[in-house]
Amino acid sequence: MYNGILTKNQFINEKVLSYEQGSKERAELEIELAKIKNSFADIPIIIGGKEIRTGNKGKCILPHNKNKIIGEYHKAGKKEIIMAVEACLKAKEKWISMLWKSRAAIYLRAAELAAGPWRAKLNASTMLTQSKTYKQAEIDSACELIDFFRSNVECLKDIYMEQPMSSEGIWNRTEYRPLEGFIFAVSPFNFTSIAANLPSAPAIAGNTVVWKPASNTVYSSYVVYQLLKEAGLPDGVINFIPGNADEISNLILSRAELSGIHFTGSTKVFQDMWKTVGNNINSYKTFPRLVGETGGKNYIIVHESANLNSAVRGLIEGAFEYQGQKCSAASRAYIAKSVWQEVKELLLEKAARIKVGDIEEADTFMGAVIDQKSYNSIKEYIDYIKNSEDAKIIFGGYCDDGTGDFVEPTIAVTTNPKFKTMEEEIFGPVLTVYIYEDENFMQMLSLINDTSVYGLTGSIFAKDRYIIEQAERILVNTAGNFYINDRPTGAVVGQQPFGGGRLSGTNDKAGSKLNLLRWVSPRVTKENLKN
Ligand code: NAD
């Protein structure tokens, strides 16, 4: 029996590779991209380690080249959904009793594989499935995913080491049990790393999981599943069931053994799941833990004292990287009137240099949006702006759903600070700007606080420290992640634990101890040594 006490060993963030022409990583990635495009995957459901093919299939389509289908996946039906829950419950016994160092070793090995031999496969599948550029894939499906695996090991170790005081003749101790029952993990399309973390964070703490990946990104999610299996994750610990979201969700949420939901996606879906759990509350064996990171309407403030070049860079990268489909993407900006003219010129100049197109071309900055439904919804917002008297498009506005679902980076200016696109999440490359009178800065802060139902990210560009302090104070509940003189995107695991309040989620900070605490149920034992 292993009885060593593991000591703390701070993880270091995975280094972002450059993918310069001629580099080793570029060559490996190109081989993998070609391999995926020249083959056709048949992706099964995986329950208790067994591959299941129902024949009821969905397609894996490239968003930037809709005629190209790289595979099909089998959808789970009622029978498979029930089987997945049973597989979780069966696998639980052995998984709980596995030594913690062995569970940790599986995750550390997964991180090593992802950093080395699996890196190209993870990135290539993410580029093609999610329409991400080299750079966007590397920071997601390589670095963030690796950081999640390594950081979760560290965080769990910290939790396990936290023990109560003992008094004379008494020995108190805490054991961190996994939750009784099973966890339901539901992932969004936009980040492979988030898709990996949703099932694997509860699992490292000893839970077993039913994982429903997003339908658009089953391909890259399946690569993650295979990676975990290769790293030694035992059968049944994570059960992979793509399929119809409503059907899966309704059946899973009606199970008495449901002990938690780990969700990332839109606010509406999470609210509906919460409602269903509420309706079923009398039938559960425990109170399910509900952890959800949801929508955002993230802002950038450019104060008159700001460094304008930095601010414009923040606006462009914050609003348009990955086609504005990061939950943290900036989609509303408040800019001081005295600097607007200069900001506008710099913005238009930079926006004009953005290349939208095939993500495999090295100079492409933006690929396609995820699918036709999303394209239609973004286009509707753009058309709304075009037909409105309160707003005017000053850049972009062009959409093309021919080869792929492409939307140009679009910048609008509004005279109404409560304009529709200042309030609602668009989840596309559309930035709406409101120009405020310099002397109305304080009223503008209150306005930002009252404008949106979300509270995910926000940033201020300013040199004046009084102004920064005022903003930090008044905007305290507008963002779970607040940035000073930086864009509101690009949180790094371990450095800026991520998540928001209000209707942006339960703010349980993925990749941190706060998140892992939701997946354990402590038992405290008091032993009287004198009796
Ligand atoms: P979505 O809500 O449409 O889908 C997310 C997942 O929920 C998918 O797997 C989907 O199939 C599933 N789903 C849909 N209906 C369901 C139902 N009735 N029951 C259970 N599951 C259901 O979101 P999306 O389009 O994949 O992702 C974009 C959204 O995710 C945006 O709102 C974005 O802000 C949010 N997001 C938030 C964060 C964060 O950390 N706050 C991170 C990434 C994405």
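Below: a short report on this structure.

Conventions adopted
- Residues numbered from 1 in each chain as written.
- Predicted model: local features only at pLDDT ≥ 70, side-chain atom pairs only at ≥ 80, totals over all residues.
- Heavy atoms only, no water.
- Helix = DSSP H or I, 4+ residues; strand = E, 2+ residues; numbered from the N terminus.
- Buried < 20%, exposed > 50% of the residue type's maximum accessible area, 1.4 Å probe, protein only.
- Contact = heavy atoms within 4.5 Å.
- Pairing = 2+ DSSP bridges.
- Axes fitted to C-alpha atoms, helices over the stretch in contact; angles between N-to-C directions.
- Disulfide = S-S within 2.5 Å.
- Near = heavy atom within 4 Å.
- Polar contact = N/O pair within 3.5 Å; in protein donor to acceptor, adjacent residues only side chain to side chain.
- Areas by Shrake-Rupley, 256 points an atom, 1.4 Å probe, with all protein chains shown as cover.
- Parallel < 35°, antiparallel > 145°, perpendicular 65-115°, else oblique.
- Left-handed = near helix turned anticlockwise from the far one by under 90°.
- Nonpolar A, V, L, I, M, F, W, Y, C, P; charged D, E, K, R; others polar.

### Let's talk about the environment of I252
Residue position: I252 is located in helix α8 (residues 245–253). Classification of I252 by relative accessible area gives buried; the value is 0%. Separated by 167 residues in sequence, I252 and V85 place their C-alpha atoms 7.7 Å apart. Not counting residues within four places of it along the chain, the set of residues in contact with I252 comprises I81, V85, F182, F184, V210 and L258.

### What about the sheet that holds strand β4 (residues 57–62)?
The sheet built from three strands is open, its strands ordered β1-β5-β4 with mixed pairing. Strands with a single pairing partner mark the edges of an open sheet, and in this sheet they are β1 (41–43) and β4. Geometrically, the sheet is characterised by an average inter-axis angle of 40° between neighbouring strands, direction not taken into account. Two strands pair when backbone bridges link them, and β4 and strand β5 (residues 65–74) are joined in this way by six bridges, in the antiparallel orientation.

### Details of the state of the cysteines
Covalent bonding between the sulfur atoms of two cysteines defines a disulfide. With the rule as written, the count across this model stands at zero disulfides. Not part of a disulfide, C143 finds its nearest cysteine sulfur in C327, a span of 17 Å. By relative accessible area, which is 4% here, C143 ends up buried.

### Examining the site of the ligand
The ligand sits among 27 residues. The nearest are S187, D246, S266, T294 and E425. K212 is positioned such that a nitrogen or oxygen atom in its side chain is 3.0 Å from an oxygen atom of the ligand. Contact between the ligand and S249: a nitrogen atom at 3.1 Å from a side-chain N or O atom of the residue. Alone, the ligand offers 840 Å² of accessible surface; in the complex the protein occludes 85% of this.

### Topic: the packing of helix α4 (residues 119–130) against helix α7 (residues 218–230)
Between α4 and α7, whose axes approach to 8 Å, the crossing angle comes to 160°. By the angle between their axes, α4 is roughly antiparallel relative to α7. At the point where α4 passes α7, the crossing takes the left-handed sense. Between α4 and α7, the residues in contact are K121, L122, S125, T126, T129 and Q130 and Y219, S220, V223, V224, Q226 and L227, respectively. A class-by-class count of the residues in the contact of α4 with α7 yields five nonpolar, six polar and one charged.

None of this, on its own, says anything about what the molecule does.
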